[in-house]
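# Fold and contact review
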Amino acid sequence: MNGIYTVLLLLGSNIFMTFAWYGHLKLQDMNISTNWPLYAIILFSWSIALAEYALQVPANRIGFVENGGPFSLMQLKVIQEVISLIVFTVFTKVLFAGEALHWNHFAAFACLLLAVYFVFMKTE
């Protein structure tokens, strides 16, 4: 169950992270934050990032093998990166309709799948 909890917490964490990093661009696109000073954008993003950290830290603690979880440190990082790019792709397609997916994006996703395969591959 620790593996499932870890992945769910990482999913939630990455949703908040994506909104913290790129949500202000959508607010600008909607003319909501166009006149906000940069420090206000930063504080807005940090407030969202706090929720991201509140999920990311427990995910890593629960999932880490030395804390009784099923994942090595490298496996946790690769899982996080794959989830991050999946969340980012959905975010981009839903909120930024002008962004298109091209063949090279799918090639990059295939490389990520290979990274998952290799990081979970038994070496002994």
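Going by the structure above, here's the rest.
Residues numbered from 1 in each chain as written. Predicted model: local features only at pLDDT ≥ 70, side-chain atom pairs only at ≥ 80, totals over all residues. Heavy atoms only, no water.

### Here we look at the packing of aromatic side chains
What counts is decided by this rule: The criterion for an aromatic pair is that two Phe, Tyr or Trp rings (for Trp, the six-membered ring) have centres within 6.5 Å, with stacked assigned to planes under 30 degrees apart, edge-to-face to planes over 60 apart and tilted to the rest. Comment: elements are numbered from the N terminus, with helices defined as DSSP H or I runs of at least four residues and strands as E runs of at least two. Buried residues are those whose accessible area, probed at 1.4 Å on protein chains only, stays under 20% of the maximum for their type, while exposed residues exceed 50% and partly exposed ones sit between those limits. Whether a charge lies above a ring is judged from NZ of Lys or CZ of Arg, which has to be within 6 Å of the ring centre and within 35 degrees of the ring normal.
Tallying each qualifying case throughout the model produces eight aromatic pairs. Between the aromatic rings of Phe71 and Phe120, the centroid separation amounts to 6.1 Å while the plane-to-plane angle is 85°, which identifies the pairing as edge-to-face. Of the two residues, Phe71 is situated in the loop between α2 (38–63) and α3 (73–95) and Phe120 in helix α4 (residues 103–120); the sequence distance between them amounts to 49 residues. Accessibility expressed as a relative area gives 34% for Phe120, which makes it partly exposed. Consider the rings of Tyr117 and Phe118, whose centres lie 5.3 Å apart with planes at 70°: the pair is edge-to-face. By relative accessible area, Phe118 is classed as partly exposed at 48%. Joined through ring pairs, the aromatic side chains of Phe19, Phe91 and Phe96 make up one cluster. A cation sits over an aromatic face here: Lys26 above Phe96, 5.6 Å from the ring centre.

### Digging into unusual backbone geometry
Although it is not a glycine, Asn31 sits at a positive phi angle of roughly 60°. Looking at the secondary structure, you find Asn31 in the loop between α1 (2–29) and α2. The class of Asn31 is exposed, set by a relative accessible area of 62%.

### Describing the side chain of Thr89
Here Thr89 lies in helix α3. With relative accessibility at 16%, the residue Thr89 sits in the buried group.

### Quick notes on α2
Quick note on the threshold: A helix's residues, less one, multiplied by 1.5 Å, set its expected span. Working rule for contacts: check all heavy atoms of both residues, and any pair within 4.5 Å makes them a contact.
With 26 residues, α2 should reach 38 Å at 1.5 Å per residue; the first-to-last C-alpha distance of 36 Å fits that figure. By the burial criterion, the buried members of α2 are Ile41, Ser45, Ile48, Ala49, Glu52, Gln56, Ala59 and Gly63. Contacts made by the buried residues of α2 are with α1 and α3.

### Quick word on the pattern of salt bridges
Side chains bearing opposite charge may pair, as long as their charged atoms lie close to each other. Using the following cut-off: Salt bridge, as applied in this entry: a Lys or Arg side-chain nitrogen positioned within 4 Å of an Asp or Glu carboxyl oxygen.
Counted under the stated rule, the structure contains two salt bridges. We note a salt bridge from Lys26 to Asp29, for which the minimum N-O separation is 3.3 Å. Here Lys26 pairs with Asp29, and both are found in helix α1, just three residues apart, close to one helical turn. Looking at Lys26, the relative accessible area reads 19%, which means it is buried. Across the pair Lys77 and Glu81 runs a salt bridge, and its minimum N-O distance is 2.8 Å. Taken together, the residues Lys77 and Glu81, both in helix α3 and four residues apart, mark about one turn of the helix. For Glu81, a relative accessible area of 31% translates into the label partly exposed.

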